[in-house]
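# Understanding the architecture of this molecule
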Amino acid sequence: MDVDAVVTKKKNTHLFEKISRFRIIVFIRRYVLLFSFLLLLFLSLLIGLWNIKNYEVYDSQGSEIEEKISVMITSYIEKNVLGLNFFKFDSTKLARDMANEIPYVNSVRVEKVVPNRLVFFVKLFSPKMIAELKGGNCFLLSDRGYVLEELCKEDESSCCKSRSEELSLAYFLSSDVDISELDNSKKKLLVMEDIYKVVKSLEMYNYVLKNISFRENILKVGTEEGKLFVFTFSSDLDVQLERLVVVMGKIRGDDLDFKSLDLRFERPVMKN
């Protein structure tokens, strides 16, 4: 047996044992699994495994998303989201920014799926009416008055009403009011908050709204059934809506016919 080889082997073994007793080596051996995980995580970050590459978009109400709205959403995601690190971006802020910057989007819920996929559940505004406002500008509005699109930018004056007929939406006309820009970048017709109350009240009686006008605080609502309802914003609207409930109860109970109903007065005026 080669004595020198044996001596060399013992020296190497002794050296290895001596090195293995170093604190840093002991520490690494004790947490080898943790260090292995961190190493793999570092390498995965280095090669971009955790960069957002895939996404899915669903309507939170289960409906199919209209193509032009889908294009808006996917364009926003591809421009502002793809490539972001899975761990670093704030999904709550992303949801808020999407709702602020995409007109049709009411709210968004974002779910993260390991390692690089996002699932978006979007709640959309539904078109409710087309409004021709101060300056002749034409807008597609939601039921609460949020601007979804500006229409008829270069068309003739009758375009706005024609588009309402084309889309089977109520036509709102007023030269007294205009769109306001909100702090979150959304645009809104503020007076629609009160008009919404009237619209919902009339729809409770199954009326289909056709024409709405607002001038000098007088709101006139015409329906597909040929009825006209008149309100004023110069006095308490809720009181007028209470009158509507009382009068409509009598109309339905007695099977009365009418062409117009003016709710501005303590005793509403009904005309045949």
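Quick note: structure is the one above.
Residues numbered from 1 in each chain as written. Predicted model: local features only at pLDDT ≥ 70, side-chain atom pairs only at ≥ 80, totals over all residues. Heavy atoms only, no water.

## Here we look at the sheet that holds strand β5 (residues 138–142)
The condition that has to hold: Strands are treated as partners if at least two bridges between them are detected by DSSP. Secondary structure counts use DSSP, requiring at least four H or I residues in a row for a helix and at least two E residues in a row for a strand, with both numbered from the N terminus. Interaxial angle, 0 to 180 degrees, is taken between N-to-C directions of lines fitted to C-alpha atoms, where a helix line uses only the stretch in contact. Residues are treated as being in contact if the distance between any of their heavy atoms lies within 4.5 Å.
With mixed pairing, nine strands are arranged side by side in an open sheet as β6-β5-β4-β7-β10-β11-β12-β13-β14. In this open sheet, the two strands that pair with only one neighbour each are β6 (147–151) and β14 (269–271). Across the sheet, the mean angle separating the axes of adjacent strands is 20° when strand polarity is ignored. In terms of strand pairing, strand β13 (residues 260–262) meets β14 through three bridges, oriented antiparallel. Looking at the pairing, Asp262 lines up with Val269 of β14. Its contacts with the sheet put helix α6 (residues 159–167) on β4 (127–132), β5, β6, β7 (170–173) and β10 (209–215), and the angle it makes with β4 is roughly 165°. Against the sheet, helix α8 (residues 237–254) makes contact with β12 (228–232), β13 and β14, and its axis sits at roughly 150° relative to β12, the strand it touches most.

## Re the nonpolar core
Rules: Among buried residues, the Ala, Val, Leu, Ile, Met, Phe, Trp, Tyr and Cys ones that are joined through side-chain atoms within 4.5 Å form a nonpolar core. Three exposure classes are used, based on accessible area relative to the maximum for each residue type with a 1.4 Å probe and protein chains only: buried under 20%, partly exposed in between, and exposed over 50%.
Counting residues in each nonpolar core, the largest one holds 36 residues, and the members touching the most others are Phe172, Leu219, Phe229 and Leu244. If you list the elements that add at least two residues to this core, you get β4, β5, β7, α7 (192–203), β10, β11 (218–223), β12 and α8. The element that contributes the greatest number of residues to this core is α8, accounting for six residues. Setting aside anything within four residues of it in sequence, one finds Phe229 in contact with Leu202, Tyr207, Leu219, Lys220, Val221, Thr223, Leu244, Met248, Phe258, Leu261 and Leu263. One finds Cys138, Tyr146, Cys152 and Tyr171 within the second-largest nonpolar core, a separate group that totals 35 residues.

## Concerning the sheet that holds strand β1 (residues 54–59)
Ordered by their spatial adjacency, three strands build an open sheet running β1-β3-β2, and the pairing between neighbours is mixed. Of all strands in the sheet, those bounded by a partner on one side alone are β1 and β2 (105–113). Averaged over all pairs of adjacent strands, the angle between their axes in this sheet comes to 20°, without regard to strand direction. Relative to strand β3 (residues 117–124), β2 runs antiparallel, the two being bridged by eight bridges. Of the residues in β3, the one forming a bridge with Val110 is Phe120. Of the strands in this sheet, β2 and β3 touch helix α5 (residues 91–101), which is tilted by about 150° from β2.

## Remarks on the packing of helix α4 (residues 67–80) against α5
So the rule is basically this: Note on angle classes: values under 35 degrees are labelled roughly parallel, values over 145 roughly antiparallel, values of 65 to 115 roughly perpendicular, and the remainder oblique. In this scheme, a crossing is called left-handed if the near helix is turned counterclockwise away from the far one by less than a right angle; it is called right-handed if the turn is clockwise. Residue type decides the class: Asp, Glu, Lys and Arg count as charged, Ala, Val, Leu, Ile, Met, Phe, Trp, Tyr, Cys and Pro as nonpolar, and the leftover types, Gly among them, as polar.
Where α4 meets α5, the closest approach of the two axes is 11 Å, and the angle between their N-to-C directions is 135°. When the axes of α4 and α5 are compared, the pair comes out oblique. Considering the relative orientation of α4 and α5, their crossing is right-handed. Taking contact as the criterion, the partners of Ile73, Tyr76 and Ile77 in α4 are, on α5, Leu94, Asp97, Met98 and Glu101. By residue class, the composition of the contact of α4 with α5 is five nonpolar, no polar and two charged.

## A word on the packing of aromatic side chains
So the rule is basically this: When two rings of Phe, Tyr or Trp (its six-membered ring) have centres within 6.5 Å they constitute a pair, described as stacked for plane angles under 30 degrees, edge-to-face for angles over 60, and tilted for the intermediate range. Ring-over charges, as used throughout, are those where CZ of Arg or NZ of Lys falls within 6 Å of the ring centre and within 35 degrees of the ring normal.
For the structure on display, the rule yields six aromatic pairs. On the numbers, 5.8 Å between centres and 25° between planes, the contact of Tyr58 with Phe121 is stacked. Of this pair, Tyr58 sits in strand β1 while Phe121 sits in strand β3, and the two are 63 residues apart along the sequence. Between Phe125 and Tyr146, the ring centres sit 4.8 Å apart and the planes meet at 25°, which makes this aromatic pair stacked. Taken together, the residues Phe125 in the loop between β3 and β4 and Tyr146 in the loop between β5 and β6 connect sequence positions 21 residues apart. Like Tyr146, Phe125 is buried. Aromatic ring contacts, followed pair by pair, group Tyr207, Phe229 and Phe258 into a single cluster. Taking NZ or CZ as reference, Arg109 lies 4.3 Å from the ring centre of Phe121, over its face.

## Observations concerning the pairing of β4
Sheet analysis places β4 next to β5, joined by five bridges and oriented antiparallel. Looking at β5, one finds that Glu132 is bridged to Cys138. Connecting β4 to the next strand, β5, in antiparallel fashion are five residues, including Gly135 with a positive phi near 85°. Pairing between β4 and β7: four bridges, direction parallel. Note on β7: the bridge partner recorded for Ala131 is Phe172.

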